[in-house]
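Take a look at the letters that make up each chain.
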Amino acid sequence: MKKLKAISIFLLSILFMLVTTACNEENSVTDPFSDDPGSDDEALMKLAEEDEAIESFMPNYNEEEALDFILPKTNTPIIPLRVGQKMRVINREMDIQYSGDSAYAKMTTTFEGILFIAAAYDSTNTEGADTLIQKPFNTQVTRNLVFEKIANTAYPRRNWKIIAISLPEGGTLDGGLLTDNIELTKMVVTMPNGDVIEVENPNEYYLNRAAGLLGQIPVIGTNETAHIRIELNSDYDVDDFVTLTYGARPNGFNRAKKKLELISSAFNGVQYEKVYEAEYTTHQFPGYFHAVINAMPEHVIKDDSTPVEKNSWAIPYRVL
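A quick note: this is a predicted structure, and the numbers were derived from the prediction, not measured.

## Regarding the packing of aromatic side chains
So, step 1. For the structure shown, the criterion picks out seven aromatic pairs.
So, step 2. With 5.2 Å between their ring centres and 55° between their planes, Tyr246 and Tyr280 make a pair best called tilted. Within this pair, whereas Tyr246 is found in strand 12 (residues 241-246), its partner Tyr280 is found in strand 15 (residues 272-281), the two being separated by 34 residues in sequence. Tyr280 shares its class with Tyr246; the two are buried.
So, step 3. Clustering of aromatic rings is evident, with ring pairs tying together Tyr246, Tyr280, Phe289 and Tyr317.
So, step 4. If you follow Arg249 out to its NZ or CZ, it ends over the ring of Phe285, 4.1 Å from the centre.

In structure tokens, the structure reads:
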């Protein structure tokens, strides 16, 4: 009898332990917001960093998958064959202004970059690049966001949503200021359905996030072609190096890059006003992407000792 009682007590103890463990496990997963930021400012930054449309900028701005060999170089003119940039975020901050149930934020991201130029020093070289030039530089990219307060819970991240985003713009830094020897002034994107998007100030051009509203993120079908026209001012009379990078998924796959064609150039007494154009075709993968324009003077990629200077704009789009 004592033995039976001991077994019963043992079994009850095991049952109690199992129930307690199950309850603890249940309690540990029932609150999906247990890591919720402690303030509205932190919540808005978290929402921005988790947003698919916003974060699709990075894999198209960072072209790190190319150029992986290094050979000696000298200070002489080069013949560029491939050009790419590897970008690393070194700082991100948001300046936020609250007004009633709305919040207006300017997000500034600072990048540390390396420009890779796969090149040949010998114009008779028929076997491809014989050197890889690496040029370090820093850039700063800004973008504006609009948030709307949708609840008043104890969890800040539950209380807000993004309702509009501006286009990003930025460029290289020199002494803490953006360089201005080359400046993008206008971007015109003609969508496959004939819709036209004209942008002269990216940070003031907003795309609404609610379905059915004008200005929402443009949608392009799979394997469809859009046309992009870029206007810029340059201190230099020669053809600049203006490129379009697009189509990269979060893992960096399916990234495409092309050089825009110079259509016209005219001197206005101070700078050269130039027009560049290109077409880009989407792939078969749905999702959010960015078409990123990078404009650099020609000598940045044709002289191995010239420091990097560039201006960048971008526009998000969604492939369905």
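## Comments concerning the side chain of Thr139
So, step 1. If you trace the backbone, Thr139 turns up in strand 3 (residues 131-149).
So, step 2. Relative accessible area serves as the criterion here: at 0%, Thr139 is assigned to the buried category.
So, step 3. Looking at Thr139, its side chain comes within polar contact range of the side chain of Tyr61, at 2.9 Å.
So, step 4. If sequence neighbours within four positions are ignored, Thr139 has contacts with Tyr61, Met87, Thr109, Thr110, Phe111, Gly171, Thr172, Leu173 and Lys310.

## A few points about helix 2 (residues 40-50)
So, step 1. When we look at burial in helix 2, the residues that qualify are Ala43, Leu44, Met45, Leu47 and Ala48.
So, step 2. Of the surrounding elements, those touching the buried residues of helix 2 are helix 3 (52-55), strand 1 (79-99), strand 2 (102-120), strand 3 and strand 4 (160-166).

## Some thoughts on the pattern of salt bridges
So, step 1. This structure, assessed with the given rule, holds 13 salt bridges.
So, step 2. Measuring nitrogen to oxygen at the nearest pair gives 2.7 Å for the salt bridge that ties Arg88 to Glu112. Here the residue Arg88 occupies a position in strand 1, and Glu112 occupies one in strand 2, the gap between them amounting to 24 residues.
So, step 3. Salt-bridge contacts for Glu198 lead to Lys186; the nearest nitrogen and oxygen are separated by 3.7 Å. On the criterion of sequence distance, the pair formed by Glu198 in strand 8 (residues 196-199) and Lys186 in strand 7 (residues 182-190) is long-range, its members being 12 residues apart.
So, step 4. Relative accessible area serves as the criterion here: at 46%, Glu198 is assigned to the partly exposed category.
So, step 5. By relative accessible area, Lys186 is classed as buried at 18%.
So, step 6. Here the salt bridges do not stand alone but share partners, grouping Lys46, Glu50 and Arg157 into one network.

## Some remarks on the sheet that holds strand 11 (residues 225-234)
So, step 1. The strand order across the open sheet built from five strands is 8-7-11-15-14, with neighbouring strands paired in antiparallel fashion. On the outer flanks of this sheet lie strand 8 and strand 14 (261-267), each paired with one strand and no other. Each adjacent strand pair in this sheet contributes to an overall mean axis angle of 15°, direction not counted.
So, step 2. As judged from the 10 bridges shared by strand 11 and strand 15, these two strands associate in the antiparallel manner. From the neighbouring strand, Arg229 faces strand 15, where its bridge partner is Glu277.

Criteria and cut-off values
Residues numbered from 1 in each chain as written. Predicted model: local features only at pLDDT ≥ 70, side-chain atom pairs only at ≥ 80, totals over all residues. Heavy atoms only, no water. Phe/Tyr/Trp six-rings, centres within 6.5 Å; stacked < 30°, edge-to-face > 60°. Helix = DSSP H or I, 4+ residues; strand = E, 2+ residues; numbered from the N terminus. Buried < 20%, exposed > 50% of the residue type's maximum accessible area, 1.4 Å probe, protein only. Lys NZ or Arg CZ within 6 Å of the ring centre and 35° of its normal. Polar contact = N/O pair within 3.5 Å; in protein donor to acceptor, adjacent residues only side chain to side chain. Contact = heavy atoms within 4.5 Å. Salt bridge = Lys/Arg side-chain N within 4 Å of Asp/Glu carboxyl O. Pairing = 2+ DSSP bridges. Axes fitted to C-alpha atoms, helices over the stretch in contact; angles between N-to-C directions.

Nothing here speaks to function; it is geometry throughout.
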